[in-house]
Amino acid sequence: MRIEELPEELPITLVATIGPETLELTTVIQEAIPKKHLVTAEPIYRNDKIISFRAKGLIVDLVTQLPDNPPIIFKNITVHLMKREDGSLCYALTTLAESKVLNRRGSFRCFVGIPSSVQAGGHSAAHDAMIKDVSTTGFSVTCSDETDFHVNQVLHVILNDYFEETAESFNFHLYGIIVRVEELENNKVVYGCRLNSRVIGLDAYIMKKERLRIKKQRGS
C-alpha cells in the first residue's frame, strides 16, 4: 500500500525516534494528494505549540490499521509542516516506499479506561478491574494486588462502551492469555493479555474511539 492510499479520517500513530528515545503521537489523516505521493494530517500540539518533527537525527515511522486488516507501517517517512490556502497548518507526510505489515505485537493500543470485572477461567470468582487499553491482538487490565493471576493463565473481561457522540453501544467478551504481569506502586497490578482469537468488530470500535478522541482533542 502507498501512503497516498490512506483514507481520510483514519487515525494514525507517528512513532518518533531519536537514539534510544521513542515517542508515539496520534493524529488523523485529512486528505491525500496522489500526484505528490503524500497525505496531510492534523497537527499535534504540546504546550500550545505545534510539534515540528525537525529535530536532528529524528526518524519517524507511520503506523496504522485499516478495518479487517493487520496493522501496517511506513518506515522513515518525511514530515513537513505545510500551510493551507486558508492559512491553517497541517503535516505533509510523504514516502515513496510502500507499507509493510507490522509485527502483531506492534498493534495500535487504544486507551479505554473503563471499569469492569475479570475472571480467571470460566468458573472462578470475578474481581474488580479497569480495562486499561485494547488492541486487535490483546488488552491489559489493572486489578488490586490481592488478585493472584499468573502468566499463561486465561483471563475473561467484558468491555462495555457507549459513544454519546454517535449513540452507539459496544459489547465485547475478551478472552486473553496473560503474557505480562507488572506490579505498580499503588497496590495495583497490570496484566497484559494476548487475545486467544480475533474479536469481530473490535478493530472498528478501536478506530471509532480513537477518531472521537482526536476530535475531542482538536476541539479543546
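Residues numbered from 1 in each chain as written. Predicted model: local features only at pLDDT ≥ 70, side-chain atom pairs only at ≥ 80, totals over all residues. Heavy atoms only, no water.

Caption draft 1: Spotlight on the packing of aromatic side chains. One pass over the structure, following the stated rule, counts seven aromatic pairs. Aromatic side chains phenylalanine 170 and phenylalanine 172 sit 6.4 Å apart centroid to centroid with 20° between the ring planes, which places their arrangement in the stacked category. Both residues of the pair, phenylalanine 170 and phenylalanine 172, belong to the buried class. Ring pairing ties together the aromatic residues Phe163, Phe170, Phe172 and Tyr205, which thus form one cluster. (Phe/Tyr/Trp six-rings, centres within 6.5 Å; stacked < 30°, edge-to-face > 60°. Buried < 20%, exposed > 50% of the residue type's maximum accessible area, 1.4 Å probe, protein only.)

Caption draft 2: Geometry of the pattern of salt bridges. In this structure the tally under the stated criterion is eight salt bridges. A salt bridge links glutamate 98 to arginine 2; the shortest N-O distance between them is 3.7 Å. With glutamate 98 in the loop between strand E9 (89-94) and strand E10 (100-101) and arginine 2 in the segment before strand E1 (11-18), this residue pair connects regions lying 96 residues apart in the sequence. You can call arginine 2 partly exposed: its relative accessible area is 34%. Salt-bridge contacts for lysine 132 lead to aspartate 133; the nearest nitrogen and oxygen are separated by 3.5 Å. Note on lysine 132: relative accessible area 36%, which makes it partly exposed. (Salt bridge = Lys/Arg side-chain N within 4 Å of Asp/Glu carboxyl O. Helix = DSSP H or I, 4+ residues; strand = E, 2+ residues; numbered from the N terminus.)

Caption draft 3: Representation of the sheet that holds strand E13 (residues 138-144) within the structure. Strand order in this closed barrel of six strands is E11-E12-E13-E16-E15-E14, and the pairing throughout is antiparallel. Strand-to-strand twist of the sheet, defined as the mean angle between neighbouring strand axes without regard to direction, takes the value 40°. Sheet topology places strand E12 (residues 127-134) next to E13; five bridges connect them, and they run antiparallel. Bridge pairing links alanine 129 to cysteine 143 in E13. (Pairing = 2+ DSSP bridges. Axes fitted to C-alpha atoms, helices over the stretch in contact; angles between N-to-C directions.)

Caption draft 4: Main features of unusual backbone geometry. At phenylalanine 53, a residue that is not glycine, the phi angle is positive and equals roughly 60°. Its location among the elements puts phenylalanine 53 in the loop between strand E5 (49-50) and strand E6 (59-64). In this structure phenylalanine 53 comes out as buried when scored by relative accessible area, which is 10%. Its identity is not glycine, yet asparagine 187 carries a phi of approximately 60°, on the positive side.

Caption draft 5: How the structure looks around the environment of aspartate 86. Positionally, aspartate 86 belongs in the loop between strand E8 (78-83) and E9. In this structure aspartate 86 comes out as exposed when scored by relative accessible area, which is 62%. A distance of 2.6 Å separates the side chain of aspartate 86 from the side chain of serine 88, its partner in a polar contact. (Polar contact = N/O pair within 3.5 Å; in protein donor to acceptor, adjacent residues only side chain to side chain.)

Caption draft 6: Expanded view of the pairing of E13. Of all seven residues in E13, six are buried, a share of seventy percent or more. Bridge count for E13 against strand E16 (residues 188-195) is seven bridges, and the pairing is antiparallel. Note that in E16 the partner of glycine 138 across the bridge is arginine 194.

Caption draft 7: Structural detail: the nonpolar core. By size, the foremost hydrophobic cluster in this structure holds 30 residues, and its most contacted members are Val134, Val141, Leu155, Leu174, Leu202 and Tyr205. For this core, the secondary structure elements donating two or more residues are strand E11 (110-120), E12, E13, strand E14 (154-163), strand E15 (168-183), E16 and helix H1 (202-219). If near-sequence neighbours (up to four positions away) are discounted, leucine 202 is found in contact with Val134, Ser135, Thr136, Phe172, Leu174 and Leu195. Counting residues in hydrophobic clusters, the runner-up holds 23 residues, among them Leu14, Val79, Tyr91 and Leu93. (Core = buried A, V, L, I, M, F, W, Y, C linked by side-chain atoms within 4.5 Å. Contact = heavy atoms within 4.5 Å.)

Caption draft 8: Just the sheet that holds E8, in detail. Pairing is antiparallel in the open sheet, where eight strands are placed in the order E8-E9-E3-E2-E1-E6-E7-E10. Among the strands making up the open sheet, the edge pair consists of E8 and E10.

Read these as spatial facts, not as claims about activity.
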